[in-house]
Amino acid sequence: MDQPVAREPTIVLEHVYKRYRTGGGVSDLSLSVGPGEVFGFLGPNGAGKTTVIRLLLDLIRPNAGRIAVFGLDSRLASLQIRHRLGYLPGELSLYERFTARGILTHFAHLRGGPPWPAIASLAEQMDLELDRPLRTMSKGNRQKVGLVAAFMGDPQLLLLDEPTSGLDPLVQQQVHQEVMRAATEGRTVFLSSHVLSEVGEVADRVGLIRDGRLVAVERVAELQHRALHQVDATFTSAAEARGFETLPGVSNFKSTGADLHLEVAGSLRPVVERLAQTDLIDLSIREPTLEELFLAFYEQDNG
Amino acid sequence: MAEPHQSLRSIYERALREEQRALIGWATGLAVFSVVMLAIFPTISGNESFSKLLEAYPESLRKLFDVTDYTTGPGYLRSEVFSFMAPLLVAIFAIIWGSDLVAGEEDRGTIDALLSNPVSRRRFVVEKWAALVSGVLLLSAMLELTLGLLGPAFKLHIGWAPLSAAVLGLALVAISCGSIAFAIGAATGSRALARGIGAALAVASYLLSSLPSLVSWLRPVRPVSLWYHALGTDPLVTGFHMGHLGVDLLITLLAVLVAVVAFERRDLAV
């Protein structure tokens, strides 16, 4: 009964504008995220990531444009939408005088749902102490309370604003696992970050937002496919370094004596096959980080 | 200290639990204030020199501070407890808390996580307001019980009916002023503005209720005072006045309506 009809997109934004009196916001933003997709929303602080998430939650309303979640109007059907999503705020603030257990039972009651044992086991996975008041907790532990609140009840849509900030690497890994699990179960994840490497690790697609405008949306796999591999090789003689510049995908060819540098777009096979025929002393092939890739790609597309 | 297995349900329950310590403090303060007032009474009741002293005051002053029949139980309570001090204390409590109930969650940023749960904004506002009313009623009950139960020990005898009428008036002053502060907080998100307007309103209300006994030309504007409708009718002596109480009740409900509508329409915590 809860099956999505004809796999309609989980999130649709069409020409959304939101301006604040104090400046900032988003302009003419259009985006669609499908069910089971992990979408990474990337941009510097203040670029409009949080604005988009708060628009989806109906905490703020757009000046213009259409926003639909699960095919429902974000404003008119906000309650139905919120029944099916979990949210972790970027600047998480919870009730300081209560314990984690107090806050989680409160939210569970308001969600009308998830049974306590399921919540407790989530908390245990994250090694969260339930009976300490929030005000005595470290930033990382507070973040865990927020994460358990977002993940509890396995919502169909997860909105995670900078989910791993302040977490140690072990817990970061657990968050990534939760995100992957959600995606394999056909649930949708919309996560924001200012670190691409993090987003790239879990996301299917990445969107880059700058000054309130969505400047690029790319599949992570596509980005990786377009990766320019940096190849550096040293041969026994300068003669061996010839014949590379004409191979498919090769650019930035430089050859000084017996040393060779080049970049390869797409498949590495032709270059590797040619290398195999040479008398090689040293070889390094480096894949650029997603960060470098994305920025290079973005600058390319914008002339 | 947190209880070992704290669990929380509704927003209403959380609001009261968050205010628990303040409520205990205010209730204790009111009880102490009442006991002190009661303890002074035996030295005043039936003390002729005291009556003479008061008679020597200009009539205008006696009217302003409501000190007619000062030496009888009800007259004493009216001027020492219900004319100014106790209603003002409870109203201050209601204004401080009312201005914080909605606007405070925005200020502290807790509203984002809270309202990502399937809770309508209307339900949020109504539960918060219900907590405010419960808090005021709790303090009012404390005052009534202290005066009613301990009064006889200090030779101050007062019936439960007139006492209840006065306490109800006092509660209504606090609830109406607190609800207006609450509504301003919900409509604007500004605690300071809500507190300021609420406090100004309470003071103006008090002055408009008591000054006309001195300044007769102020008499026609008296009906705009929330305080006048709740306590200006002297409920301790004359009992309930449904029409007057109804005016304050109506204004209170109007404030809640404004709070709900304004809160539903605006952007939160920007």
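Here is what the cut-offs are and how they apply
Residues numbered from 1 in each chain as written. Chains lettered and ligands numbered in written order. Predicted model: local features only at pLDDT ≥ 70, side-chain atom pairs only at ≥ 80, totals over all residues. pLDDT = per-residue confidence, 0-100. Helix = DSSP H or I, 4+ residues; strand = E, 2+ residues; numbered from the N terminus. Contact = placed C-beta atoms within 7 Å. Nonpolar A, V, L, I, M, F, W, Y, C, P; charged D, E, K, R; others polar. Domains from an automatic or database assignment. Pairing = 2+ DSSP bridges. Core = buried A, V, L, I, M, F, W, Y, C linked by C-beta atoms within 7 Å. Buried ≥ 20, exposed ≤ 12 C-beta atoms within 10 Å, placed from the backbone. Expected span 1.5 Å × (residues − 1). Arc of directions from axis to C-beta.

### Here's the deal with the confidence of the model for chain B
Residue and element names in this part refer to chain B.
Then, in step 1: Averaged over every residue, the pLDDT of chain B is 90; residues scoring 70 or more account for 97%.
Then, in step 2: Within chain B, the element-level pLDDT minimum falls on helix α3 (residues 59–64), averaging 72, and the maximum on helix α8 (residues 121–150), averaging 97.
Then, in step 3: For this predicted complex, the interface score ipTM comes out at 0.89, alongside a pTM of 0.86.

### Description of the interface of chain B and chain A
Then, in step 1: Contacts between chain B and chain A engage 24 residues on the former and 30 residues on the latter.
Then, in step 2: For the side of chain B that touches chain A, the secondary structure elements donating two or more residues are α1 (11–44) and α7 (111–114) of chain B.
Then, in step 3: Tallied by class, residues from the side of chain B that touches chain A come to nine nonpolar, nine polar and six charged.

### Quick look at the domain arrangement of chain A
A common way to report how large an interface is uses the accessible area buried once the components associate.
Then, in step 1: Annotation of chain A at the domain level lists domain 1 (5–218) and domain 2 (228–287).
Then, in step 2: Here the C-alpha centre of domain 2 of chain A lies 45 Å away from the C-alpha centre of domain 1 of chain A.

### Examining the sheet that holds strand β4 (residues 64–69) of chain A
Then, in step 1: Read from one edge to the other, the open sheet built from four strands follows the order β2-β1-β4-β5 (chain A), with strand pairing classed as antiparallel. Two strands lie at the open edges of the sheet, namely β2 (25–33) and β5 (72–73) of chain A, each paired on one side alone.

### What about the pairing of strand β10 (residues 213–219) of chain A?
Residues and elements named next belong to chain A.
Then, in step 1: Sheet analysis places strand β9 (residues 205–210) next to β10, joined by six bridges and oriented antiparallel. The residue bridging V206 from the neighbouring strand is E218, located in β10.
Then, in step 2: In sequence, β9 turns back onto β10 through a hairpin of two residues, with D211 there showing a positive phi of about 50°.

### Thoughts on the nonpolar core
Then, in step 1: Of all hydrophobic cores here, the largest spans 139 residues; its most connected members are A:V148, B:A94, B:A174, B:C177 and B:A259.
Then, in step 2: The leading source of residues in this core is helix α9 (residues 160–188) of chain B, at 18 residues.
Then, in step 3: In this structure, B:A94 is in contact with B:L132, B:V136, B:A174, B:I175, B:C177 and B:G178, ignoring residues within four places of it in sequence.
Then, in step 4: If you look at the next biggest cluster of nonpolar residues, it comprises eleven residues, including A:V231, A:A241, A:F244 and A:L262.

### A look at helix α6 (residues 169–184) of chain A
Residues and elements named next belong to chain A.
Then, in step 1: Over its 16 residues, α6 extends 22 Å from the first C-alpha to the last, a length consistent with the 22 Å expected when each residue adds 1.5 Å.
Then, in step 2: Every buried residue of α6 is listed here: V171, V175, E178, V179 and A182. With its buried residues spanning 100° around the axis, α6 presents them on a single face. Opposite the packed face of α6, turned more than 90 degrees from it, sit the exposed residues P169, L170, Q177, R181 and T184.
Then, in step 3: At its buried positions, α6 is contacted by β3 (38–42), α5 (139–151), β7 (157–161), β8 (188–193) and α7 (196–202).

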